[in-house]
Amino acid sequence: MERRYKGIIYIIISAFCFALMNAFVRLSGDMPSIQKSLFRNLVAAVFAFVILAKSGEGFKWEKGNFPLLLLRSFMGTIGIICNFYAVDHLVLSDASMLNKMSPFFVIIFSYIFLKERVSIVQALCVIGAFLGSLFVIKPSFANVNLFAASIGFLGGLGAGAAYTCVRRLGQKGEKGSRIVFFFSLFSCLVCLPWYIFDYHPMTIRQLLILVLAGLSAAGGQFAITAAYSYAPGKEISVYDYSQIIFSALLGLFIFGQIPDHLSILGYFIICLMAVLMFLYNNKRNKIA
């Protein structure tokens, strides 16, 4: 129980860090999402490098894991860029909620690629979450934010695919710090050409805010890694949705944002599906 409580505390810390990261990304102002992503991942790469160097684990990945590391990094990079675009163009809590579709995509991708069995209850929760996301996306030509919401949804898909790869890498014995370092370095290298050829000048204030976004992201990544080392995802993953509360509060107090009634209904449905999934997984685990 003590390890479970530690896992809950760490995952809530992670949720706050990622909500803070999104707020800093929004505060950094008008510049390409790829440029913001570069700075976010550069800080995370430095952190991961220092941790790997001190731990003595080395930078060489486990045999046979390179293709999975590459796929995880590619999908994770897509997820971050799409999420940052959504953060810049949507209400902060809307962008965070669409990104939180990732656990449901993990179920889908785990079924397709890892051949993990999906029960009827899990399938219904996934369908319910997708229906809830429609209230946030509001797919109609009258919605001026439809494109940004769709990009945010794509970001959740990318994150879900990346987390599925992380799950498989963990099963194959890859260290979490190596996964973070490889992903962060890969993302920096992918973003660098766009940064060079489409550089937007930054003020000292913008640079400092992006560094803070990177520090928040690094804190979030290592906190969530620690959380899942203390307790399995099925016991604590639902607490990750506290990020929506943090994002809503930061959006209200910093940007004066108030989600509309359809978005709030979507939040409720998606969070309800996450809670039902959490309760179902715990019950099934006790029976097993």
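What counts, and at which threshold
- Residues numbered from 1 in each chain as written.
- Predicted model: local features only at pLDDT ≥ 70, side-chain atom pairs only at ≥ 80, totals over all residues.
- Heavy atoms only, no water.
- Helix = DSSP H or I, 4+ residues; strand = E, 2+ residues; numbered from the N terminus.
- Buried < 20%, exposed > 50% of the residue type's maximum accessible area, 1.4 Å probe, protein only.
- Contact = heavy atoms within 4.5 Å.
- Areas by Shrake-Rupley, 256 points an atom, 1.4 Å probe, with all protein chains shown as cover.
- Lys, Arg positive; Asp, Glu negative; His and termini not counted.
- Charge placed at Lys NZ, Arg CZ, Asp CG, Glu CD.
- Axes fitted to C-alpha atoms, helices over the stretch in contact; angles between N-to-C directions.
- Nonpolar A, V, L, I, M, F, W, Y, C, P; charged D, E, K, R; others polar.
- Salt bridge = Lys/Arg side-chain N within 4 Å of Asp/Glu carboxyl O.

Caption draft 1: Structural detail: the overall build of the protein chain. What the protein chain contains, in helices and strands, is 12 helices and 0 strands. Beginning at the N terminus, the succession of helices and strands in the protein chain can be written as α-α-α-α-α-α-α-α-α-α-α-α. Across its three principal axes, the protein chain shows a C-alpha extent of roughly 60 × 55 × 35 Å. Counting every position in the protein chain, which comprises 288 residues, the buried fraction comes to 50%. For the protein chain, contacts bridging at least 24 residues in sequence account for 89% of all contacts bridging at least 6. When the accessible area of the protein chain is evaluated, it comes to approximately 14,100 Å², of which 72% is carbon and sulfur surface. Side-chain charges in the protein chain split into 24 positive and 12 negative, and the spacing between the mean points of these groups amounts to 8 Å.

Caption draft 2: Quick look at the side chain of serine 93. Within the secondary structure, serine 93 is located in helix α4 (residues 92-99). Judged by its relative accessible area of 1%, serine 93 is buried.

Caption draft 3: Focus on unusual backbone geometry. Although it is not a glycine, lysine 115 sits at a positive phi angle of roughly 60°. Tracing the backbone shows lysine 115 in the loop between α5 (102-113) and α6 (120-137). Lysine 115 sits in the exposed class, given a relative accessible area of 68%. With a phi angle near 55°, lysine 138 is a residue other than glycine that sits in the positive phi range. When you line up the elements, lysine 138 lands in the loop between α6 and α7 (146-171). Look at lysine 138 and you get buried, because its relative accessible area is 17%.

Caption draft 4: Quick peek at α4. The element α4 is extensively covered by neighbouring structure, given that 8 of its 8 residues are classed as buried. Residues of α4 that are buried: Leu92, Ser93, Asp94, Ala95, Ser96, Met97, Leu98 and Asn99.

Caption draft 5: Examining the packing of α6 against α7 more closely. In the contact formed by α6 and α7, the axes pass within 10 Å of each other and the chain directions differ by 145°. Contacts between α6 and α7 pair Phe130, Ser133 and Ile137 from the former with Leu146, Ala149, Ser150 and Phe153 from the latter. Split into classes, the residues belonging to the contact of α6 with α7 amount to 5 nonpolar, 2 polar and no charged.

Caption draft 6: The pattern of salt bridges, seen in detail. A complete count under the given rule lists 6 salt bridges for this structure. Residue arginine 178 is joined to glutamate 62 by a salt bridge in which the shortest nitrogen-to-oxygen separation is 3.1 Å. Of this pair, arginine 178 sits in helix α8 (residues 176-197) while glutamate 62 sits in the loop between α2 (33-55) and α3 (66-89), and the two are 116 residues apart along the sequence. Note that glutamate 174 and arginine 178 form a salt bridge whose closest N and O atoms lie 2.7 Å from each other. Note on accessibility: glutamate 174 and arginine 178 belong to one class, buried. Each of Glu62, Glu174 and Arg178 takes part in salt bridges that share partners, so that together they form one network.

Keep in mind these values describe shape, not function.
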